[in-house]
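Chain by chain, the residues:
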Amino acid sequence: MQDYVLVVDDDQSVREVIAAVLREEGFPVATATNGREALDQIAEQRPSVVLLDLQMPVMSGWEVLSELRAGQCTVPIVFMSAGYRVKTEAERHHADGYIAKPFDLNELLRIVGRFASASPA
């Protein structure tokens with residue numbers, strides 16, 4: 001899969017909704033349930049952008065970002081969180097963007113569109 005969006009969230013319903021919305025708009029999508037799965041997928045094939053939940057079991061979003069940057073991986077990371085400090089956390093950890101949950105679908109598409117291209121229908 002080339003030029004895809006990786007959606008990482010431990011909440012299955014959130015993953016499914018985001019993936020469905022992005023696919024409907026023509027974006028190839030892969031998903032991961034935790035940070036360790038995300039790192040494994042990124043090592044196999046780098047996505048255009050990673051939508052990354054901050055609070056997950058196994059490995060948090062902050063840990064994923066830290067490990068990626070320590071390995072010199074510059075894939076764009078967009079934090080997702082229901083926490084009121086998502087903007088502050090994104091800035092503090094040098095993420096490439098953030099989406100507050102519950103998210104606005106137009107905002108989600110705008111942010112993903114900055115980093116990824118939709119496939120022609």
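Residues numbered from 1 in each chain as written. Predicted model: local features only at pLDDT ≥ 70, side-chain atom pairs only at ≥ 80, totals over all residues. Heavy atoms only, no water.

Glancing now at the pattern of salt bridges. Overall, the coordinates contain 5 salt bridges when judged by the stated rule. Arg 36 is paired through a salt bridge with Glu 67; the nearest N and O atoms lie 3.7 Å apart. Residue Arg 36 is located in helix α2 (residues 35-44), and its partner Glu 67 is located in helix α3 (residues 61-70); the two are separated by 31 residues in the primary sequence. The class for Arg 36 is partly exposed, based on a relative accessible area of 35%. (Salt bridge = Lys/Arg side-chain N within 4 Å of Asp/Glu carboxyl O. Helix = DSSP H or I, 4+ residues; strand = E, 2+ residues; numbered from the N terminus. Buried < 20%, exposed > 50% of the residue type's maximum accessible area, 1.4 Å probe, protein only.)

Two elements in contact, helix α1 (residues 12-24) and helix α5 (residues 105-115), have axes separated by 11 Å at closest approach and are oriented at 65°. On the basis of their axis angle, the class for α1 and α5 is roughly perpendicular. Along this stretch, α1 crosses α5, giving a crossing that reads as right-handed. Contacts between α1 and α5 pair Ile 18, Val 21 and Leu 22 from the former with Leu 105, Leu 108, Leu 109 and Val 112 from the latter. (Axes fitted to C-alpha atoms, helices over the stretch in contact; angles between N-to-C directions. Parallel < 35°, antiparallel > 145°, perpendicular 65-115°, else oblique. Left-handed = near helix turned anticlockwise from the far one by under 90°. Contact = heavy atoms within 4.5 Å.)

The residue Glu 37 is located in helix α2 in this model. Accessibility expressed as a relative area gives 31% for Glu 37, which makes it partly exposed. For Glu 37, the side chain forms a polar contact with the side chain of Thr 33, separated by 2.7 Å. (Polar contact = N/O pair within 3.5 Å; in protein donor to acceptor, adjacent residues only side chain to side chain.)

So, about the nonpolar core. With 23 residues, the main nonpolar core has Leu 6, Val 8, Val 50, Leu 52, Leu 68, Ile 77 and Phe 79 as its most contacted residues. Elements that contribute at least two residues to this core include exactly β1 (5-8), β2 (29-32), α2, β3 (49-53), α3, β4 (77-81) and α4 (86-92). Those residues in contact with Leu 68 that lie beyond four places of it in its chain are Leu 39, Ile 42, Cys 73, Val 75 and Ile 77. Counting residues in each nonpolar core, the second largest holds 20 residues, with Val 29, Leu 51, Leu 108 and Ala 116 among its members. (Core = buried A, V, L, I, M, F, W, Y, C linked by side-chain atoms within 4.5 Å.)

Among the 5 residues of β3, 5 are classified as buried, and the element is accordingly described as predominantly covered. Of the two faces of β3, the one holding Val 49, Leu 51 and Asp 53 and the one holding Val 50 and Leu 52 are both buried throughout. Direction of pairing for β1 relative to β3: parallel, over a ladder of 4 bridges. If you follow Val 5 over to β3, its bridge partner there is Val 49. Alignment of β3 against β4, held across 4 bridges, turns out to be parallel. In the strand pairing of β4, Val 50 is matched with Ile 77. Between the parallel pair β3 and β4, the chain is carried across by α3, and the sense of this crossover is right-handed. (Pairing = 2+ DSSP bridges. Right-handed = clockwise from strand over helix to strand, strands pointing away.)

By themselves, these observations are geometric and do not establish any function.
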